[in-house]
Amino acid sequence: RDYFTLVAAADTANARQRFGQLVSQETQSVSYERRYRRADQSEFWGYLSGSAFRDADGHILGLVGVIDDITAWKAAEDRLKQLNAELESRIARRTAELGALTESLRAANTEQQAIFDAAKIGIMLTDHRVIRRCNRTLERMFGYDPDELLGHPTAILYGSAAAFAEVGEMGT
């Protein structure tokens, strides 16, 4: 049988081109994946590695080729591509959900901040006696510029270190 009758119809033109490059000395060897036909005309994926043997004048003495059946490998590769596409789709959906949630949280935070800032009483949020947030009313009460209190220990608001320590002891 002619080699090209073994190649799947969709790959025959490319096979002829590659074979031509090999015999015309455009390339010394070839290796690529392509579909082949079995005797029953069913197709399989094969990986061809081939070379031409030449004499000193460059005339072809023979060809050698090895075809490895990579059908299972190609099926696994296709499945991996499918799973990757599904994962990318899930990521895109989740990213959109998170974007909407982030926007919702941003709007809620803006509303909360407006209420916080409009309060006529001083409000502060602390963590381990460190000021994390406070409203402008509290800053004005104690004579601080906007955001000047953030990150400072609450000790900055006490008249003395002893008073700060005494209140700290009450919390334990």
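Residues numbered from 1 in each chain as written. Predicted model: local features only at pLDDT ≥ 70, side-chain atom pairs only at ≥ 80, totals over all residues. Heavy atoms only, no water.

### Here we look at the layout of surface pockets
Reasoning step 1: Taken as a whole, the largest pocket holds about 210 Å³ of empty space.
Reasoning step 2: In terms of lining, the largest pocket is formed by 14 residues, of which the most central are Tyr3, Phe19, Leu22, Leu48 and Leu63.
Reasoning step 3: Of all elements in the fold, only helix H2 (12-23), strand S1 (29-37), strand S2 (43-54) and strand S3 (60-69) reach the threshold of two or more residues within the lining of the largest pocket.
Reasoning step 4: Here the lining of the largest pocket gets four residues from one element, more than from any other, and that element is S3.
Reasoning step 5: Partitioned by chemical class, the residues of the lining of the largest pocket number 10 nonpolar, three polar and one charged. (1 Å grid on protein atoms, 1.4 Å probe; cavity = no way out; pocket = protein on both sides within 12 Å on 5 of 7 lines; lining within 4 Å. Points joined across faces, edges and corners; volume = space filled by probe spheres on them. Helix = DSSP H or I, 4+ residues; strand = E, 2+ residues; numbered from the N terminus. Nonpolar A, V, L, I, M, F, W, Y, C, P; charged D, E, K, R; others polar.)

### A look at the pairing of strand S5 (residues 130-134)
Reasoning step 1: Two strands pair when backbone bridges link them, and strand S4 (residues 124-127) and S5 are joined in this way by four bridges, in the antiparallel orientation. Bridge pairing in S5 links Leu125 to Arg133.
Reasoning step 2: In sequence, S4 turns back onto S5 through a hairpin of two residues, with His128 there showing a positive phi of about 55 degrees. (Pairing = 2+ DSSP bridges.)

### Section: the nonpolar core
Reasoning step 1: Among the nonpolar cores identified, the biggest contains 10 residues, and these are Phe4, Val7, Ala15, Leu22, Val30, Tyr32, Tyr36, Phe44, Leu48 and Ala52.
Reasoning step 2: Looking at this core, the elements with two or more residues in it are H2, S1 and S2.
Reasoning step 3: Apart from residues lying up to four places away in sequence, Leu22 is in contact with Thr27, Gln28, Ser29, Val30, Ser51, Ala52, Arg54 and Leu63.
Reasoning step 4: In this structure, Cys134, Leu138, Leu149 and Leu157 belong to the second largest nonpolar core, which totals six residues. (Core = buried A, V, L, I, M, F, W, Y, C linked by side-chain atoms within 4.5 Å. Buried < 20%, exposed > 50% of the residue type's maximum accessible area, 1.4 Å probe, protein only. Contact = heavy atoms within 4.5 Å.)

### Some points on the pairing of S3
Reasoning step 1: Pairing of S2 with S3, which is carried by nine bridges, proceeds in the antiparallel orientation. Opposite Tyr47, over in S3, you have Asp68 as the bridge partner.
Reasoning step 2: The antiparallel hairpin formed by S2 and S3 contains five residues in its connecting segment, where Gly58 sits at a positive phi of about 90 degrees.

### So, the sheet that holds S1
Reasoning step 1: Spatially, S1-S2-S3 is the arrangement adopted by the three strands of the open sheet, whose pairing is antiparallel. If you trace the sheet from one side to the other, it starts and ends with S1 and S3, each paired once. The sheet shows a mean angle of 30 degrees between the axes of neighbouring strands, direction not considered.
Reasoning step 2: The pairing of S1 with S2 spans nine bridges and is antiparallel. If you follow Arg35 over to S2, its bridge partner there is Trp45.
Reasoning step 3: Lying on the sheet, H2 is in contact with S1, S2 and S3; it crosses S1 at an angle near 155 degrees.
Reasoning step 4: Taken strand by strand, helix H3 (residues 71-118) contacts S1, S2 and S3, and its axis lies near 125 degrees from that of S2. (Axes fitted to C-alpha atoms, helices over the stretch in contact; angles between N-to-C directions.)

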